[in-house]
Amino acid sequence: MFEWKEEYETKIEVIDTQHKELFKIANESYALLKNDIILDKYDKVVEIINRLLDYCEYHFSTEEEYQLSIGYKKFLSHKVQHEEFIKKLRDENLKKMDENQDEYLMNILEFFMKWITGHILARDMDYVQYARTLA
Ligand SMILES: [Fe+2]
């Protein structure tokens with residue numbers, strides 16, 4: 001279970017809603033992965049992880065538009081972070097896994113959430129701070 005914490009809140013409604021949605025999809029995937037009753041769950045898990053990546057791309061574009069709208073100076077380096085992260089995960093090619101499917105998918109989910117939360121706390125909070133100076 002990936003737990004949402006108050007410290008992740010940016011107080012920008014659209015951003016917080018989307019960040020929470022990422023947690024929701026990741027937890028859905030996690031729950032399915034932990035479910036030992038459903039056989040042949042891997043296709044479904046892969047599908048949800050792909051949905052997570054799609055939503056993440058959508059979310060990144062929202063953030064980038066927002067940053068442009070406030071004239072955030074570190075927009076480009078932030079965008080590069082987003083792009084490299086998505087590329088790395090897309091290159092994983094989830095269908096290729098063979099052994100230890102549980103462990104493999106769990107590692108991807110954990111990597112995803114670790115990156116996202118670290119990114120929210122360091123990078124996102126930086127443009128949030130900048131936005132506050134404009135208010
Ligand atoms: Fe970001």
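Residues numbered from 1 in each chain as written. Predicted model: local features only at pLDDT ≥ 70, side-chain atom pairs only at ≥ 80, totals over all residues. Heavy atoms only, no water.

To be explicit about the condition: UniProt positions are given in the numbering used here, feature names are shortened, and annotations may be inferred rather than shown by experiment.
Under the annotation held in an unreviewed UniProt entry, the chain carries the name Hemerythrin-like metal-binding domain protein and is attributed to Clostridium scatologenes. The heading Sequence similarities (unreviewed entry) in the UniProt record of the chain holds the text "Belongs to the hemerythrin family."

## So, the overall build of the chain
To keep it simple, the criterion reads: Per the convention used, a helix needs a DSSP run of H or I reaching at least four residues, while a strand needs a run of E reaching at least two, with both numbered from the N terminus. A contact between two residues is defined here by any heavy atoms of the two lying within 4.5 Å. Working definition of accessibility: Shrake-Rupley area with a 1.4 Å probe, residue cover restricted to the visible protein chains. The charged-residue count follows a simple rule in which Lys and Arg add positive charge and Asp and Glu add negative charge, with His and chain termini not counted at all. Where a charge sits is defined by one atom per residue type, namely NZ (Lys), CZ (Arg), CG (Asp) or CD (Glu).
A tally of regular secondary structure across the chain gives four helices and zero strands. Scanning the chain from its N terminus toward the C terminus, one meets helices and strands in the order α-α-α-α. In terms of its C-alpha atoms, the chain occupies a principal-axis envelope of roughly 55 × 30 × 20 Å. The long-range share in the chain, meaning contacts at least 24 apart out of those at least 6 apart in sequence, stands at 71%. Accessible surface, the chain as shown: approximately 8100 Å² in total, 52% of it carbon and sulfur. Distance from the positive charge centre (19 side chains) to the negative charge centre (28 side chains) of the chain: 3 Å.

## Notes on the packing of helix H3 (residues 75-90) against helix H4 (residues 101-134)
A pair of packed helices can be characterised by two numbers: the angle between their axes and the separation between those axes. Test applied: Angles shown run from 0 to 180 degrees and are taken between the N-to-C directions of axes, each axis being a line fitted to C-alpha atoms and, for helices, limited to the stretch in contact. When describing relative orientation, an angle under 35 degrees is termed roughly parallel and one over 145 degrees roughly antiparallel, while 65 to 115 degrees is termed roughly perpendicular and anything else oblique. When residues are sorted by character, Ala, Val, Leu, Ile, Met, Phe, Trp, Tyr, Cys and Pro go into the nonpolar class, Asp, Glu, Lys and Arg into the charged class, and all the rest, Gly among them, into the polar class.
Between H3 and H4, the least distance of the axes is 12 Å, while the angle of their chain directions is 175 degrees. Relative to H4, the element H3 lies roughly antiparallel. Residue-level inspection shows Ser77, His78, Gln81, His82, Phe85, Lys88 and Leu89 of H3 in contact with H4, the latter providing Ile108, Phe111, Phe112, Trp115, Ile116, His119, Arg123, Asp124 and Tyr127. Of the residues in the contact of H3 with H4, the class split is eight nonpolar, five polar and three charged.

## Observations concerning the packing of aromatic side chains
Inclusion rule: Stacked, edge-to-face and tilted are the three classes for Phe, Tyr and Trp ring pairs, Trp counted by its six-membered ring, which pair at centre distances within 6.5 Å; planes under 30 degrees apart are stacked, over 60 edge-to-face, the rest tilted. Partly exposed describes any residue whose relative accessible area lies between the buried limit of under 20% and the exposed limit of over 50%, with all areas from a 1.4 Å probe on protein chains only and scaled to the type maximum. Any Lys NZ or Arg CZ that is within 6 Å of a ring centre and within 35 degrees of that ring's normal is treated as a charge sitting over the ring.
This model, assessed by the stated rule, comprises 13 aromatic pairs. Taken together, a centroid distance of 5.6 Å and an interplanar angle of 40 degrees make the contact between tyrosine 8 and phenylalanine 23 tilted. Here tyrosine 8, found in the segment before helix H1 (13-34), pairs with phenylalanine 23, found in helix H1; they are 15 residues apart in sequence, far enough to count as distant. Exposure remark for phenylalanine 23: the relative accessible area of 4% places this residue in the buried category. For the cation-ring pair, lysine 88 lies above phenylalanine 111, with the distance from its terminal atom to the ring centre recorded as 5.2 Å.

## Quick look at H1
To keep it simple, the criterion reads: Take the residue count of a helix, subtract one, and multiply by 1.5 Å to get its expected span.
Here H1 contains 22 residues, and its C-alpha end-to-end distance of 31 Å stays within 8% of the 32 Å for a straight helix at 1.5 Å per residue. Buried within H1 we find Ile15, Asp16, Gln18, His19, Leu22, Phe23, Ile25, Ala26, Asn27, Ser29, Leu32 and Leu33. For H1, the secondary structure elements touched by its buried residues are helix H2 (42-70) and H4.

## Some details on the coordination of the iron ion
Note the cut-off: Listed donors are limited to N, O and S atoms within 2.8 Å of the metal, widened to 3.2 Å for Na, K and Ca; water is not among them, so incomplete-looking sites are possible.
Looking at the iron ion, one finds its protein donor set to be Glu63 (OE), His78 (NE2), His82 (NE2), His119 (NE2) and Asp124 (OD), positioned 2.0 to 2.4 Å from the metal centre. The sequence pattern formed by the donor residues of the iron ion is E-x14-H-x3-H-x36-H-x4-D. Pair noted here: histidine 78 is in helix H3 and histidine 119 is in helix H4, with a separation of 41 residues, a long-range link. Both residues of the pair, histidine 78 and histidine 119, count as buried.

## Side note on the pattern of salt bridges
Opposite charge on two side chains lets them pair, provided their charged atoms get close. Keep this limit in mind: A pairing counts as a salt bridge when a side-chain nitrogen of Lys or Arg comes within 4 Å of a carboxyl oxygen of Asp or Glu.
One pass over the full model with this rule turns up ten salt bridges. Measuring nitrogen to oxygen at the nearest pair gives 2.7 Å for the salt bridge that ties glutamate 57 to arginine 90. One end of the pair, glutamate 57, is in helix H2; the other, arginine 90, is in helix H3, and 33 residues separate them in sequence. Looking at arginine 90, the relative accessible area reads 32%, which means it is partly exposed. As a salt-bridge pair, lysine 87 and aspartate 91 come within 2.7 Å of each other at their nearest N and O atoms. Neither residue differs from the other here; lysine 87 and aspartate 91 are each classed as exposed.

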